[in-house]
Amino acid sequence: MNQALALASHAAELGEVPVGALVVLNGEVIGQGYNQPIASHDPSAHAEIMALRDAAKRVGNYRLPGADLYVTLEPCMMCAGAIVHARINRVIFGAHEPKAGAIVSRQQCFSLSHINHRPEVTAGVMAEQCAQQLSDFFKTRRLAKRLNNL
């Protein structure tokens with residue numbers, strides 16, 4: 001999760017919401033990503049999607065059975081769908097996302113009866129650090145906005 005936090009810090013440096021993600025297979029990082037929808041003008045460029053794309057390119061297949069996804073923030077519905085399609089074995093996330101979390105907070109997408117793959121979930125890993133990183137980012141952003149309006 002420390003590596004995912006470092007990726008999230010990079011996103012924050014670029015003005016993106018600080019979320020980082022890693023895909024790990026057999027103890028090896030095979031994909032990594034950080035939020036970049038603003039810079040890439042791509043609403044799907046969430047950290048999870050970027051990490052899944054990176055991993056899929058490296059292994060030469062969009063299916064990633066046996067792989068685990070580490071992410072600093074609970075995935076949204078879009079990312080949950082991609083995780084299911086990629087056949088990720090387990091999702092390990094840090095901070096809960098009370099507004100848009102699709103794994104445990106708002107919906108339980110992996111529990112829907114019609115999906116054909118159900119990843120395991122480990123929630124709250126380094127939750128305080130992950131949540132603090134997000135909180136600090138938005139606090140700084142609000143302060144900058146107030147200063148600009150003076």
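Residues numbered from 1 in each chain as written. Predicted model: local features only at pLDDT ≥ 70, side-chain atom pairs only at ≥ 80, totals over all residues. Heavy atoms only, no water.

Right, let's talk about the packing of helix H1 (residues 2-13) against helix H5 (residues 127-148) for a bit. At a minimum axis separation of 11 Å, H1 and H5 run at an interaxial angle of 5 degrees. As judged from the angle between their axes, H1 and H5 are roughly parallel. Facing Leu5, Ala8, Ser9 and Ala12 of H1, the residues of H5 in contact are Gln129, Cys130, Gln133 and Phe137. (Axes fitted to C-alpha atoms, helices over the stretch in contact; angles between N-to-C directions. Helix = DSSP H or I, 4+ residues; strand = E, 2+ residues; numbered from the N terminus. Parallel < 35°, antiparallel > 145°, perpendicular 65-115°, else oblique. Contact = heavy atoms within 4.5 Å.)

Most of strand S3 (residues 68-73) sits out of view: 5 of its 6 residues are buried. Pairing of strand S1 (residues 20-25) with S3, which is carried by 4 bridges, proceeds in the antiparallel orientation. Residue pairing in the sheet places Val23 in a bridge with Leu69 of S3. Pairing geometry for S3 and strand S4 (residues 90-95), over 5 bridges, is parallel. Bridge pairing in S4 places Tyr70 opposite Ile92. Crossover S3 to S4 through helix H4 (residues 77-86) is right-handed. (Buried < 20%, exposed > 50% of the residue type's maximum accessible area, 1.4 Å probe, protein only. Pairing = 2+ DSSP bridges. Right-handed = clockwise from strand over helix to strand, strands pointing away.)

Time to look at the layout of surface pockets. If you add up the space inside the largest pocket, you get close to 490 Å³. Lining of the largest pocket is provided by 21 residues; of these, Val17, Leu73, Glu97, Leu134 and Phe138 occupy positions nearest its centre. If you list the elements that add at least two residues to the lining of the largest pocket, you get helix H2 (37-40) and H5. When residues in the lining of the largest pocket are grouped by element, the largest group, 3 residues, is from H5. By residue class, the composition of the lining of the largest pocket is 13 nonpolar, 3 polar and 5 charged. Taken as a whole, the second largest pocket holds about 150 Å³ of empty space. Considering the residues around the second largest pocket, the lining is formed by Met77, Ala80, Gly81, Val84, His85, Arg87, Cys109, Leu112, Ile115 and Asn116. Of the residues that constitute the lining of the second largest pocket, the class distribution is 6 nonpolar, 3 polar and 1 charged. (1 Å grid on protein atoms, 1.4 Å probe; cavity = no way out; pocket = protein on both sides within 12 Å on 5 of 7 lines; lining within 4 Å. Points joined across faces, edges and corners; volume = space filled by probe spheres on them. Nonpolar A, V, L, I, M, F, W, Y, C, P; charged D, E, K, R; others polar.)

Take the sheet that holds S4 next. Strand order across the open sheet formed by 5 strands is S2-S1-S3-S4-S5, with mixed pairing between neighbours. The sheet is open, and its two borders are formed by strand S2 (28-34) and strand S5 (120-123), each paired with just one other strand. Along the sheet, successive strands turn relative to each other by an average axial angle of 15 degrees, direction set aside. Packed onto the sheet, H1 meets S1, S2 and S3 and runs at close to 145 degrees relative to S1. Taken strand by strand, helix H3 (residues 47-59) contacts S1, S2 and S3, and its axis lies near 140 degrees from that of S2.

This is a description of form; function is not addressed.
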